[in-house]
Amino acid sequence: MNVCLLLTCLWIMTMCCLYVEKERHVKANAQDYNDKFSYAVSRPQNDTRFALFTSVGCGYFISAVSECVILQDNHIKTSKYNILTFLPMNLFEQFQRVANAYFLVLLILQLIPEISSLSWFTTIVPLVLVLVITAVKDATDDYFRHKSDQQVNNRQSQVLIRGSMQSEKWMNIRVGDIIKLENNQFVAADILLLCSSEPYGLCYIETAELDGETNLKVRQSLTATSDMGDITKLMDFDGEVICEPPNNKLDRFTGTLYWRDNKYPLDNEKMLLRGCVLRNTEWCFGMVIFAGLQTKLMQNCGGTKFKKTSIDKLMNTLVLWIFAFLICMGVILAIGNTIWESWIGRNFQVFLPWNALQSSAVFSGFLTFWSYIIILNTVVPISLYVSVEVLRLGHSYFINWDRRMYCSRTDTAAEARTTTLNEELGQVEFIFSDKTGTLTQNIMVFSKCSINGQTYDHTDWLMSFQRILNDFTKTILSFYDGSLVEAIKLEDPAVQEFFRLLALCHTVMPEEKSEGNLVYQAQSPDEGALVTAARNFGFVFRSRTPETITLCEMGRAVTYQLLAILDFNNVRKRMSVIVRNPQGQIKLYSKGADSIIFERLDPSSEDLMHTTSEHLSEFAGEGLRTLALAYKDLDEDYFDVWTKKLMFASTVIENREDQLAVLYEEIEQGLKLLGATAIEDKLQEGVPETITCLNLADIKIWVLTGDKLETAMNIGYSCNILRDNMNEVFVISGHTLLEHILGLSRDGNDRSNRCDVQYVFSLQVHALEPQLEHVFLDLACLCKTVICCRVTPMQKAQVVELVKRHKRAVTLAIGDGANDVSMIKTAHIGVGISGQEGMQAVLASDYSFAQFRFLRRLLLVHGRWSYFRMCNFLCYFFYKNFAFTLVHFWYGFFCGFSAQTVYDQWFITLFNIVYTSLPVLAMGLFDQDVNDQNSLRYPSLYKPGQQNLLFNKRQFFLCTLQGMGTSFLLFFIPYGAFTVIVKEDGSHFSDQQSFAVTIATSLVIIVSVQIGLDTHYWTAVNHLFIWGSLTVYFATLFAMQSNGIFGIFPSNFPFIGTARNCLSEKSVWLVILLTAVVCVVPGLAVSFLRVDLFPTLTDKSRKRQGPQEQNLRRVRRTSSRRSAYAFSHQQGYGELITSGKNMRMSTVSSARSPERTPQSPTWIENILQKKNEVSDEITGAKQTQQQQHTD
C-alpha cells in the first residue's frame, strides 16, 4: 500500500511540475467539473491516510518539491515544517553549514581508537549543543508561522452550499464556490463580483493590505449578474469563467464569462482580490476564481528566501581557509612523524613497539596526520557558532526592548522577526522605500490658500472652531485663519466663490450616517481634503444626484443643477463642472495644474495670475501640493450650442476621445482666476530628519512607488530626498525601448565624467529589459537619489535584485503593503511598517516597527553596534583559539610528533565552553565604542560597516597572526624557563603536567587580560564574567586534581596534586607573569600608537573631535517648479456620478431636484445611453474578432 501511495504521489508531483496552466476554467456551483482540470489537485477531505503519507511516506523529499503541487482550496502555508518532517529537514539544513559538517566528520574520526588521542565527548557535547539551540530557535520561529497560518485559515466566511449560506472556514473554500461578504469583512479569495446591495452592482473596497492606500476604490459587477441578490438565482447560476492563469499582477485581470449562450468580458474592475476590505457596502456575492496560494496577494509574496549575512558568507570562506591551514599543519606534522619514526623511533621499538596496524613509518605518519587533525580542530571551535547564535538572539532582544522605537499612539513596539541579520543592519548601502504609508501617512491636510491675491495661512496651533458658521464643521481643525473667517462672514464674493468651487468641483460621495454626522467617501485623499476645507468654512457639500448638487452655504440649503462634468485625465490635468445656480446662471468651475489653468485665463486676470504665481512658488517651496482654481460665466445660447456638439461627439465611434477633448478645450477658455490651494501630504513623523541623517551615513535611498511622477517628486522634496542644493534634477521617461536607450545613453555620457555628481535620477520604470538594465544601473548609481515611478510590485523586486546582483552591496527594503512583499523578501534585509495599512509587509519582513523614523535608530545604533560587536567578537575569538590550539603544533616538534596534547583533555573540553565563553559573550552583547547619542550625532561612524573595515580577510589574517605569535611565546617562554628554573627544594620541574598547568594558566590569564583591553564599555556583567571565569578556572583546576575527585573517578582524573604543587612555586608565577606581559604588551603598544598616529572616526568622536557633518537644514525653495496633481482618482469617475450608478435609489429620489420629474430622461442620460450602446457594439465587435482569431 505504501509503495502504491508513493508512486501515486510521484505521479501527481510529476504531472503538476510538467503542467503549465495557460488559462483557468472555472464553473460556478460545479465542483465536479472544476476537479477535472490539472490545476485542481486537491487534498481529500478528512483523509488521514493521505495526510500521514504526505508527511511520512515522502518525508523530506516531498517538501522539497511541494511548490509544484497546486491545491485548489483556500489553504495557505507559510511554515516550513510539521511534526514529522521537522527533525530530518532541520538537520539537513543545519549540516549544509560547512562547520557543522566539518565537526560531524571530526566526531566520526574520534570514534576510531587508532587515530584519536581525545575522547569523543570533547566534540559531541558542543556539536549537540549547537544543533539543539539552532533547532529550538527554528522550531520557535516555525511555531509562530503555524499560528499565523491557522489564524488566517480558520477565519469564517459564508459559502453557498446545497441551497443555503453556511459558515465555512477560509481554508475550505474552493475554486468555483459562491461566497457572501458583508461590510467591513476581508475578502477571502480572488472573486468575481456578481452582485451587491448597491445599485448597478457597485461596491467599495479598501486596498490597504495590497497597496497601502486607504482611499476607497469602486468595483462594479456585470449588468447581467447584478440582480442575482437572492439564493435561488445564485443556485441557478452556472456561468463558466475562462481567464488568465494565476499571476502576481494586482492591476490587471483578463477573462470572459460564458453564461446563457452569451459572452461577457471581464477585467480588473469586476474582481475583488484577497486582502481587500469591503467598505460602505452592506453585502455582496462573488464567485471564487483563484484561491489560497494562487491568489494575487499570495503570488506577490514570492518564495521565502534563506537570507545569510555577508559575515556568514565570509565565515564559510574562512572556515575553508582554516581547514586548508589545518591540513597543511597536519601534513607537516605527519611528515615530521614519518621522519622521526624512520630515524629515531625505530631505535625505541623495544620500549614503544608498533601495533599491528603500524606496518611502516609512512603508515605511522598517515595515522598521525588524522590524529593531529583531531587535536588541532579547535582552530574552528564549534562553540563559536553557539556564541554567534546567542549574540544574535541578544541583539534581537535589544531591538525589541528599545523604548525609543516604541510608538505609543498605536501601542506598537519594534520587533526583530529574525535573529540572523542583526550585524547586516550595520552594513546597509542601499535603502529601497515605498512611498504611500511608508514615507507618507496618506493623509492630506488643507494647509494654505491664495484667494484674489491674498494668502491665508494656518496658525501653529490647533484651534477649536465654535461652529459659528455651520453645524457640520469639524470641531478640531488643522487650518484656521481669523482673517479668512472674517472675510467669509463679510460675504466677500471672491472668498465665497472660492469655497463654492471647492464644494462643487469634485467627485466625492457624501454619506450622512446620522444627523450632523457627514462622512465623505473620496477616490483620492486630496479631493477629500479640499471638500472638507470648504465644509469647515461654511460651504458644506450635503448630497448629490446624477442631476443636482446640494450645498449648505452659510447655513442655507442651496441646490445646483449639474449640467456636465468634464472629467480629469493625465493629459488634461484639470477637472471642471458646469452647474446652474438657483438664479439661473450657468457657471463653469475648474481646478487643475497652475500651468494648465494659467494658459486658459482671460487677459483680465493677468495681474492676479502673477501675484498668485508668486504665492504658488512659496507654497511649492514648502513642499505643498498646489492647485489653481478658476471659473467662467457661460452664456445660455452658447451653452446650448456647445451641448449639441457634445451630444454628437459622445455618440461617434472613431476618435471619440479626441473630439471630446477638443470640446472641453473650447469651453475652458477665458477663465477668471480665483486663487490657489496648498495641500500638505502629511509625512510620517521625522521622515525628513531620518533621510537627512541616513544620507550623511552614505546610505543611498531609492524610492520605488506606483504613483505618478509629479506625486513622487513632490514627496521627494518634502522629505529631503530631493534638495535645492542639488545641481540638477532630471527625468528620463519613455514609452518604448528605443526612447529609453537614447535617454539613458545621452544622460550617462553627459554626466559620467563629472566628479561632483549631485543630481537626481527620477525614472518611470520601463528600463528593466536586459538591454537596458546595465545602463540604467550605472547611471542610477551616479546619482544622489533615485525615484522610480509607476513601478509594479514585481518591478520593485527586480530593481532590488538588479542592485544586489551587480553592486554586491547590502540592500534594505522597507514598505507597508502587500505590493511591497516581493521587494522586502528580495532585499538582504526586509523591514515592514506596521499600522493601518495591514500586516502583509510585516509578516514577510525581518524587522518591523510603526514609523519610518525608527529606521534611523535601527541602522545607526542597533545595526552599527551589532556589526561592531560581532566583528570584535570574531577577531578576539579567532585570536584566542589560534593561541590555544597552535601550542600543540609547537609541542609536536618536542614530543616526537606523537600527537600527544599539551593540555589534559578536560581543559581542552572546557576552555571554550566554560573558561572563556562568558567574557567574550559579555563583550559581544554589551560593548559599544560610542554611545547611542553620538552614533546618531555622527552618522559617518556608520561608514566602516559599509566598507567592511572591522572584519574582513585582512583583519582575520592579523588576528590569527597575533594568535600564532601568542601561541609561540606561550609555549617557548615556559619551555625555556622550565629548562633552567628549579623548585624551592632544589629539584627540577620534570613532569609534563606541571608544564601543562603553567601554559594553561598563562593562557587563561592572557586571554582574560586581552579581552579586558579590547572592551570599550565596561558593565557589571563584564566584571562578573571576567573575574568569575578566572575564579571558575582555578576552582575547577584544583578540584579536578584533588584527592576527592580522584577517589570517585580514578581513571578520569589521575593527576593528583599537580596544580597545588606547581602553583605553589613562586618561580612558576614569575614565568606566568613574564609570559603574560610579553604576550600582551606588544599588542597594547600597537593599539596606543594606532590611536595617536592613525585615529579612526570612532577615536575622534570619543575625543569629542567628531567629524564635521554637512548642514542639511531645509531651505525655502525658490524654483518655479510646482506640483499640481490633486487628482488621483480614476479617470471616468465623473461619468459614473452623472449616470447615478453609484447612488442608492432612495438617496437619488429624496435629493432629486424639485423642478424635474423622475420620468423625464435628462440629456445626460440620453448621451450615456447612446455611449453605452456604442461601447457595447465596439466590445461585441472586438470579441467577435478575437473569437474568429482563436478559431
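Residues numbered from 1 in each chain as written. Predicted model: local features only at pLDDT ≥ 70, side-chain atom pairs only at ≥ 80, totals over all residues. Heavy atoms only, no water.

1. Regarding the overall build of the protein chain
Scanning the protein chain from N- to C-terminus turns up 42 helices and 35 strands. Out of the 1191 residues belonging to the protein chain, those deemed buried represent 55%. Of the contacts formed within the protein chain by residues at least 6 apart in sequence, a portion of 75% connects residues at least 24 apart. Element-wise, carbon and sulfur atoms account for 57% of the exposed surface of the protein chain, whose accessible area totals about 51300 Å². (Helix = DSSP H or I, 4+ residues; strand = E, 2+ residues; numbered from the N terminus. Buried < 20%, exposed > 50% of the residue type's maximum accessible area, 1.4 Å probe, protein only. Contact = heavy atoms within 4.5 Å. Areas by Shrake-Rupley, 256 points an atom, 1.4 Å probe, with all protein chains shown as cover.)

2. Describing the sheet that holds strand β17 (residues 454-456)
Taken in spatial order, the nine strands make up an open sheet running β17-β16-β28-β27-β26-β25-β24-β23-β22, and their pairing is antiparallel. The outermost strands of the open sheet, each flanked by one partner alone, are β17 and β22 (539-544). On average, each strand axis in the sheet is tilted by 30° relative to the strand beside it, whichever way the strands run. Direction of pairing for β22 relative to strand β23 (residues 548-553): antiparallel, over a ladder of five bridges. Its bridge partner lying in β23, arginine 544 is registered against isoleucine 549. Set on the sheet, helix α22 (residues 709-718) makes contact with β16 (440-451), β27 (625-634) and β28 (672-683); between it and β28 the angle comes to about 65°. (Pairing = 2+ DSSP bridges. Axes fitted to C-alpha atoms, helices over the stretch in contact; angles between N-to-C directions.)

3. Some remarks on the side chain of threonine 281
Note on placement: threonine 281 falls in the loop between β12 (277-279) and β13 (283-290). Looking at threonine 281, its side chain comes within polar contact range of the main-chain nitrogen of tyrosine 204, at 3.1 Å. For threonine 281, the residues in contact, after removing those within four places along its chain, are Glu182, Asn183, Ser196, Ser197, Glu198, Leu202, Cys203 and Tyr204. (Polar contact = N/O pair within 3.5 Å; in protein donor to acceptor, adjacent residues only side chain to side chain.)

4. Re a nonpolar patch on the surface
Residues Val331, Ile335, Ile339, Trp343, Ile344 and Phe348 make up a contiguous nonpolar surface patch of about 580 Å² in total accessible area. Following the sequence through the fold, isoleucine 335 ends up in helix α11 (residues 310-343). The class for isoleucine 335 is partly exposed, based on a relative accessible area of 46%. (Patch = residues over 30% accessible without salt bridge, like charges linked within 9 Å, V, L, I, M, F, W, Y side chains within 5 Å. Salt bridge = Lys/Arg side-chain N within 4 Å of Asp/Glu carboxyl O.)

5. Quick notes on the UniProt feature "active site" (unreviewed entry) in the protein chain
UniProt's feature table lists "active site" (unreviewed entry) at Asp434, given in the numbering used throughout. Within the element layout of this structure, aspartate 434 appears in the loop between β15 (428-433) and β16. For aspartate 434, a relative accessible area of 3% translates into the label buried. A polar contact of 3.3 Å, which involves the side chain of aspartate 434, links it to the side chain of lysine 796. (UniProt positions renumbered as here; feature names shortened; annotations may be inferred.)

6. Side note on empty space enclosed by the protein
In this approach a probe as big as a water molecule rolls over the atoms, and the regions it shows empty are the leftover space. The full count for this structure, using the stated rule, is six cavities of 30 Å³ or more. There is about 60 Å³ of room inside the second largest cavity. In this structure, the second largest cavity is lined by Tyr903, Asp904, Phe907, Gln993, Ala996, Val997, Ala1000, Tyr1033, Leu1037 and Gln1041. Split into classes, the residues belonging to the lining of the second largest cavity amount to seven nonpolar, two polar and one charged. (1 Å grid on protein atoms, 1.4 Å probe; cavity = no way out; pocket = protein on both sides within 12 Å on 5 of 7 lines; lining within 4 Å. Points joined across faces, edges and corners; volume = space filled by probe spheres on them. Nonpolar A, V, L, I, M, F, W, Y, C, P; charged D, E, K, R; others polar.)

7. A word on the nonpolar core
Core analysis: the biggest nonpolar cluster contains 100 residues, and Tyr903 and Phe907 have the highest contact counts within it. When residues in this core are grouped by element, the largest group, 18 residues, is from helix α28 (residues 854-892). Not counting residues within four places of it along the chain, the set of residues in contact with phenylalanine 907 comprises Phe884, Tyr915, Ala1000, Leu1003, Val1004 and Tyr1033. Membership of the second largest hydrophobic core comes to 50 residues, among which are Val152, Val241, Leu266 and Met287. (Core = buried A, V, L, I, M, F, W, Y, C linked by side-chain atoms within 4.5 Å.)

8. Some details on the UniProt feature "binding site: Mg(2+)" (unreviewed entry) in the protein chain
In the UniProt entry, the feature "binding site: Mg(2+)" (unreviewed entry) is given for Asp434, Thr436, Asp816 and Asp820. The largest pairwise C-alpha distance within this set of annotated residues, which runs over 387 residues, is 10.8 Å, so the set is compact in three dimensions. Inspection of the secondary structure puts threonine 436 in the loop between β15 and β16. A relative accessible area of 6% places threonine 436 in the buried class. A polar atom in the side chain of aspartate 816 sits 3.3 Å from the side chain of threonine 438.

9. So, the pairing of β27
Burial within β27 is extensive, with nine of its 10 residues counted as buried. The pairing of strand β26 (residues 586-592) with β27 spans seven bridges and is antiparallel. Looking across to β27, one finds that lysine 587 is bridged to aspartate 633. The sheet contact formed by β27 and β28 spans seven bridges and is antiparallel. From the neighbouring strand, tyrosine 631 faces β28, where its bridge partner is lysine 672.

10. Section: the confidence of the model for the protein chain
Overall, the predicted model of the protein chain reaches an average pLDDT of 79, with 78% of residues at or above 70. The low-confidence segment residues 459-471 (pLDDT under 50) makes 32 contacts with residues lying over four places distant or belonging to another chain. (pLDDT = per-residue confidence, 0-100.)

11. Quick notes on the side chain of threonine 1098
Note that threonine 1098 resides in helix α39 (residues 1097-1102). Reaching out from threonine 1098, the side chain makes a polar contact with the side chain of aspartate 929 at a distance of 3.4 Å. Look past the residues within four positions of threonine 1098 in its chain and what remains in contact with it is Arg864, Asp929, Val930 and Leu941.

12. A closer look at the sheet that holds strand β1 (residues 24-27)
Across a sheet, paired strands are connected by hydrogen bonds in the backbone, their directions being either parallel or antiparallel. Spatially, β1-β8-β9-β10 is the arrangement adopted by the four strands of the open sheet, whose pairing is antiparallel. With one partner strand each, in any of the chains shown, β1 and β10 (262-266) form the two edges of the open sheet. In this sheet, adjacent strand axes meet at a mean angle of 20° when their direction is disregarded. Note: strand β9 (residues 255-259) against β10, five bridges, orientation antiparallel. By the bridge assignment for β10, leucine 257 is matched with tyrosine 264.

13. Topic: the packing of α28 against helix α29 (residues 905-915)
Taken N-terminus to C-terminus, the directions of α28 and α29 make an angle of 175°; their axes are 12 Å apart at the nearest point. Compared by their axis directions, α28 and α29 come out roughly antiparallel. Between α28 and α29, the contacting residues are Phe877, Lys880, Asn881, Phe884 and His888 on the first element and Phe907, Ile908, Phe911 and Asn912 on the second. Its residues assigned to classes, the contact of α28 with α29 comprises five nonpolar, three polar and one charged. (Parallel < 35°, antiparallel > 145°, perpendicular 65-115°, else oblique.)

14. Some points on the packing of aromatic side chains
Evaluated as defined, the whole model comprises 48 aromatic pairs. Ring centres of phenylalanine 907 and tyrosine 1033 lie 6.1 Å apart, and the angle between their planes is 75°; on these two criteria the pair is classed as edge-to-face. In this pair, phenylalanine 907 is assigned in helix α29 and tyrosine 1033 in helix α35 (residues 1020-1040), connecting sequence segments 126 residues apart. Take phenylalanine 907 and tyrosine 1033: they sit in the same class, and that class is buried. An aromatic cluster of at least three residues, connected via ring pairs, comprises Phe889, Trp890, Tyr891, Phe893, Phe894, Phe897, Phe968, Phe971, Phe972, Tyr975, Phe978 and Phe995. Over the ring of tyrosine 33 we find lysine 27, and its NZ or CZ is 5.3 Å from the ring centre. The cationic tip of arginine 155 hangs over the ring face of tryptophan 170; the distance from NZ or CZ to the ring centre is 5.0 Å. (Phe/Tyr/Trp six-rings, centres within 6.5 Å; stacked < 30°, edge-to-face > 60°. Lys NZ or Arg CZ within 6 Å of the ring centre and 35° of its normal.)

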